[in-house]
Amino acid sequence: MKLSVLDQSPIAAGHSKAGALGETIALARAAEEAGYHRFWLAEHHDSPGFAGTTPALMAMAVLDATTRITVGSGGVLLGLHEPWQVAESFDILAALHPGRVNLGLGRAGSGGTGSFNEKIIELHARLGLMPGTEGRDDLDIWLLGAGTGSAPLAAATGAGYAHAHFLNTGSARTALAHYRENFRAGAVRKQPEALLAVRAIAAHTDAKAQELANPVRLWRARKDLGLDEPFPLTTDPAGWSAEELRRTENNESRLIVGAADDVAHQLTVLAEELGVNELMISSPVPSLEDRISSNTLIARAFARLSPGDTGARPAQEGAAAQEGVRSASPRFSHS
């Protein structure tokens, strides 16, 4: 099993955007040390909770701060950009860090010219990645989906496909099956390549993991209710409103929380059920130390479950569904 990380540069209450971006770079270094396969960066706009607005710029910073881990966007919101701009940015990334760059693309957002499908085709052409061409080995394209709309396009263009289980738990099976069954070899891939993005939080004990997850639960519940804020550092569910508790209960199926070995077991079962061999973990815990610890513990637990087949090696000892029911900026919201 390959393990990867999706980071959204979460902003903790009372902290700055600059601090959150610095923490993303620290998290990437720790993920590389723990043996994670990829590190992807998200694009959010007008969000008090997330600092990452420009994945290409953050990817450059992470690539410069690391040496081995594959780095990419998870993803560039292509509706907000022109294909030539995206192509030029990622051409530069690939030229400076060949073989370590992924270009992940999402549907959210709207603007500019052309439909999403048209932009995808143009982007493939500008990057020399059209099916039937010799292609290139310094970067590749992934399409991101939380429903079933992007899987057919990923299959038709020979792109990789990343399904956001933490946004929608119900559509993964259908989307992944369609992608595999209809995949056409592209310039880079001759076989389908899919991963599942999950939200998981681990600690040494289940009680500690639940404590770490509570700020994420409350942040998500309040965002659903139209209150978009930074992540609370600590919180006690005893003080939550009835509506916040109800929202949390509704969202719980999209969150895997517990002691590290239990989390690894649940993730393994999920991956086997959906037929994927790569999991991309999102853990927007507001404390960087806890985020690093969660990722490290998960990597070690997978190493114990399946030695030699985790895609992640144990870190050295001492190493540091439907989303946005109501949001302040629905045009740019995906989290």
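Residues numbered from 1 in each chain as written. Predicted model: local features only at pLDDT ≥ 70, side-chain atom pairs only at ≥ 80, totals over all residues. Heavy atoms only, no water.

Asks: Help me out: how do you make sense of the packing of aromatic side chains in this one?
Replies: By convention here, two paired aromatic rings are described through the distance between centres and the angle between planes. As enumerated under the stated definition, the model contains six aromatic pairs in all. Centre to centre, the rings of Phe-50 and Phe-231 are 5.7 Å apart; their planes meet at 55 degrees, and the pair counts as tilted. Here Phe-50 is found in the loop between β2 (38–41) and α2 (55–65), whereas its partner Phe-231 is found in the loop between α7 (206–224) and α8 (242–251), with 181 residues between them in sequence. Grouping residues by exposure puts Phe-50 and Phe-231 together as buried. With 5.6 Å between their ring centres and 35 degrees between their planes, Tyr-161 and Tyr-179 make a pair best called tilted. Taken together, the positions of Tyr-161 in strand β7 (residues 160–164) and Tyr-179 in helix α6 (residues 172–182) put the pair 18 residues apart, joining distant regions of the chain. (Phe/Tyr/Trp six-rings, centres within 6.5 Å; stacked < 30°, edge-to-face > 60°. Helix = DSSP H or I, 4+ residues; strand = E, 2+ residues; numbered from the N terminus. Buried < 20%, exposed > 50% of the residue type's maximum accessible area, 1.4 Å probe, protein only.)

Asks: Mind showing me how you'd approach empty space enclosed by the protein here?
Replies: Empty space among the atoms becomes visible once a probe the size of a water molecule is rolled across them. The computed volume of the largest cavity comes to approximately 130 Å³. Every residue lining the largest cavity is counted, eleven residues in all, and those nearest its centre are Arg-199, Arg-220, Asn-251, Arg-254 and Leu-255. No other element matches α7, which puts three residues into the lining of the largest cavity. The residue inventory of the lining of the largest cavity, partitioned by class, reads three nonpolar, two polar and six charged. (1 Å grid on protein atoms, 1.4 Å probe; cavity = no way out; pocket = protein on both sides within 12 Å on 5 of 7 lines; lining within 4 Å. Points joined across faces, edges and corners; volume = space filled by probe spheres on them. Nonpolar A, V, L, I, M, F, W, Y, C, P; charged D, E, K, R; others polar.)

Asks: What's the story with the pairing of strand β10 (residues 278–282) in this structure? I'm lost.
Replies: Successive side chains on a regular strand alternate, one facing one side of the sheet and the next facing the other. Among the five residues that make up β10, five are buried, leaving the element largely enclosed by the rest of the structure. Of the two faces of β10, both are covered, the one formed by Glu-278, Met-280 and Ser-282 as well as the one formed by Leu-279 and Ile-281. Examined bridge by bridge, strand β1 (residues 2–7) and β10 share four bridges and lie parallel to one another. Opposite Val-5, over in β10, you have Ile-281 as the bridge partner. The sheet contact formed by strand β8 (residues 194–203) and β10 spans four bridges and is parallel. Pairing of Leu-196 across the sheet is with Leu-279, part of β10. (Pairing = 2+ DSSP bridges.)

Asks: In this structure, what is going on with the layout of surface pockets? I would like to understand it.
Replies: In this model, the second largest pocket occupies a volume close to 170 Å³. Lining the second largest pocket are 15 residues, with Arg-38, Gly-99, Val-101, Asn-102 and Asp-140 positioned closest to its centre. Contributions of two or more residues to the lining of the second largest pocket are made by β5 (101–106) and β6 (139–145). Counted by class, the lining of the second largest pocket contains three nonpolar, four polar and eight charged residues.

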